[in-house]
Amino acid sequence: MTVTVAPARPEDAPAVSRLLAEYLTVTEQEKAERGLAPHGPLPQRYQDEIDRPDELLAGTLLAREATDRRPLGLVVLHTEADRVEMKRLWVDPRARGTGAGRALVRAVIEQAADREVTLTVWDWRAAPIGLYRSLGFVDTPSEDPREHLLAMMFQSSR
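Now for a description of the structure that goes with this document. Because the structure is predicted, anything quoted here is derived from the model rather than measured. (Residues numbered from 1 in each chain as written. Predicted model: local features only at pLDDT ≥ 70, side-chain atom pairs only at ≥ 80, totals over all residues. Heavy atoms only, no water.)

## Regarding the overall build of the protein
Regarding its fold elements, the protein presents four helices and seven strands. When the helices and strands of the protein are listed from N to C terminus, the series reads β-α-α-β-β-β-α-β-α-β-β. For a compact globule of 158 residues, the expected C-alpha radius of gyration is about 15 Å, and the protein comes in at 15 Å, within 12% of that figure. Counting only C-alpha atoms and orienting by the principal axes, one finds that the protein spans roughly 40 × 35 × 30 Å. For the protein, buried positions account for 44% of its 158 residues. Considering only intrachain contacts with a sequence separation of at least 6, the fraction spanning at least 24 residues in the protein is 63%. Working note: accessible area of the protein is about 8,500 Å², and carbon and sulfur atoms make up 51% of it. (Helix = DSSP H or I, 4+ residues; strand = E, 2+ residues; numbered from the N terminus. Rg over C-alpha atoms; globule rule 2.2 N^0.38 Å. Buried < 20%, exposed > 50% of the residue type's maximum accessible area, 1.4 Å probe, protein only. Contact = heavy atoms within 4.5 Å. Areas by Shrake-Rupley, 256 points an atom, 1.4 Å probe, with all protein chains shown as cover.)

Right, here's the structure in full:
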């Protein structure tokens, strides 16, 4: 399967909303199972992201299957002058193993140019951690005080 990555467009809002809903729901379930969040509905700030994905489109990259253009995953970015933070990375579970996650992270690294790329990931998510490390990310001190969050950074060698 060939995967393409491009910035999200206004017509991608429904796909972005669906992928964000999957990501946030799974994340909150995993946190609840570990006693890090209450069981129940999503916090309002997360529901707002799902309900208003258009507010995130400018900082979102979508991975698609090249032939049928089916959305496979996304990454939401927060860009500053000297760094790019990966806020949400999610690949549809049915598309895992297609290279979509790797393509998304590589696209972020390329887009970042000489800026560092940072992220936090829950320490129980072995597959994404392995992906990040395989692409050159290293552990770094976390600015987030929450337990079980691993902070990682990619520093361009350009």
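## Some words on the layout of surface pockets
Counted as a void, the largest pocket has a volume near 1,100 Å³. Within the residue set of the lining of the largest pocket, elements represented by two or more residues are α1 (13–33), α2 (44–51), β4 (83–91), α3 (100–112), β5 (116–122), α4 (126–134) and β7 (149–154). The greatest single-element share of the lining of the largest pocket, amounting to eight residues, is contributed by β4. (1 Å grid on protein atoms, 1.4 Å probe; cavity = no way out; pocket = protein on both sides within 12 Å on 5 of 7 lines; lining within 4 Å. Points joined across faces, edges and corners; volume = space filled by probe spheres on them.)

## Concerning the environment of Arg69
With respect to the helices, strands and loops of the structure, Arg69 is situated in the loop between β2 (60–65) and β3 (71–79). Take Arg69: its relative accessible area is 36%, and that puts it in the partly exposed class. Taking the C-alpha atoms as reference points, Arg69 and Glu30, separated by 39 residues in sequence, lie 30 Å from one another. When neighbours within four sequence positions are excluded, Arg69 is seen to be in contact with Thr4, Arg9 and Arg64.

## Structural notes on the nonpolar core
Within the largest apolar cluster, 27 residues are counted, with the highest numbers of intra-cluster contacts made by Val75, Met86, Val105, Val108, Tyr132 and Phe137. The set of elements that each furnish at least two residues to this core consists of β2, β3, β4, α3, β5, α4 and β7. At six residues, α3 tops the list of elements feeding residues into this core. Other than its neighbours up to four places away in sequence, Val75 contacts Gly59, Thr60, Leu61, Met86, Arg88, Leu89, Leu104 and Val108. (Core = buried A, V, L, I, M, F, W, Y, C linked by side-chain atoms within 4.5 Å.)

## Details of α1
Under the 1.5 Å per step criterion, the end-to-end length of α1 is 30 Å for 21 residues, consistent within 8% with the ideal 30 Å. Gly35, located one to two residues past α1, shows a positive phi value of around 75°. (Expected span 1.5 Å × (residues − 1).)

## Thoughts on the packing of aromatic side chains
Tallying each qualifying case throughout the model produces four aromatic pairs. Pairing Phe137 with Phe154 gives two aromatic rings, centres 5.5 Å apart and planes at 45°, and the pair type is tilted. Remark: Phe154 occurs in strand β7 and Phe137 occurs in the loop between α4 and β6 (138–139); sequence separation between them is 17 residues. Of the two residues, Phe137 and Phe154, neither departs from the other in class, the shared state being buried. Joined through ring pairs, the aromatic side chains of Tyr132, Phe137 and Phe154 make up one cluster. Residue placement shows Arg34 over the ring face of Trp124; its charged tip is 4.1 Å from the ring centre. (Phe/Tyr/Trp six-rings, centres within 6.5 Å; stacked < 30°, edge-to-face > 60°. Lys NZ or Arg CZ within 6 Å of the ring centre and 35° of its normal.)

## Some points on the sheet that holds β5
The sheet built from seven strands is open, its strands ordered β1-β2-β3-β4-β5-β7-β6 with mixed pairing. At either margin of the open sheet sits one strand with a lone partner, and together these are β1 (3–7) and β6. Examined bridge by bridge, β6 and β7 share two bridges and lie antiparallel to one another. Across the sheet, the residue bridging to Val138 is Met153, located in β7. (Pairing = 2+ DSSP bridges.)

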